[in-house]
Amino acid sequence: MSDKQSKASAYWKENVKYLFILLIIWFLVSYGAGILFKEALDTIKIGGFKLGFWFAQQGSIYVFVILIFVYVRLMNKLDKKYGYNE
């Protein structure tokens, strides 16, 4: 395997690791907080709304948008690390 191929393979492996971690976070927030832990979260109120309801309706969307920005930042660092930046 050439140096270029091994570098590309390491880059892709690290990229997939980041994706997997971010998708797990998104799943835990959207499915976990919005459905599985809804009853426990409903004991807390934000702006008059139960926290479980808030996560099911709004929180998971906000977390998803934040994860997009986190992914962009991680990929910029990864690009620089492997020399793929412009």
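Residues numbered from 1 in each chain as written. Predicted model: local features only at pLDDT ≥ 70, side-chain atom pairs only at ≥ 80, totals over all residues. Heavy atoms only, no water.

Draft legend 1. Quick look at the packing of aromatic side chains. By the definition in use, this model includes six aromatic pairs. Centre to centre, the rings of Tyr11 and Tyr84 are 4.9 Å apart; their planes meet at 75°, and the pair counts as edge-to-face. In this pair, Tyr11 sits in helix H1 (residues 3–36) while Tyr84 sits in the segment after helix H3 (51–82), placing the two residues 73 residues apart along the sequence. Cluster of aromatic residues (ring-pair linked, three or more members): Tyr11, Tyr82 and Tyr84. Positioned above the aromatic ring of Tyr84 is the side chain of Lys7, whose terminal nitrogen or guanidinium carbon lies 5.3 Å from the ring centre. (Phe/Tyr/Trp six-rings, centres within 6.5 Å; stacked < 30°, edge-to-face > 60°. Helix = DSSP H or I, 4+ residues; strand = E, 2+ residues; numbered from the N terminus. Lys NZ or Arg CZ within 6 Å of the ring centre and 35° of its normal.)

Draft legend 2. Looking closely at the pattern of salt bridges. A complete count under the given rule lists two salt bridges for this structure. In this structure, Lys81 and Glu14 form a salt bridge, with 3.2 Å as the shortest nitrogen-oxygen distance. Pair noted here: Lys81 is in helix H3 and Glu14 is in helix H1, with a separation of 67 residues, a long-range link. Look at Lys81 and you get exposed, because its relative accessible area is 56%. Assessed through its relative accessible area of 14%, Glu14 is described here as buried. Lys38 is paired through a salt bridge with Asp42; the nearest N and O atoms lie 2.8 Å apart. (Salt bridge = Lys/Arg side-chain N within 4 Å of Asp/Glu carboxyl O. Buried < 20%, exposed > 50% of the residue type's maximum accessible area, 1.4 Å probe, protein only.)

By themselves, these are just geometric observations and shouldn't be taken as functional.
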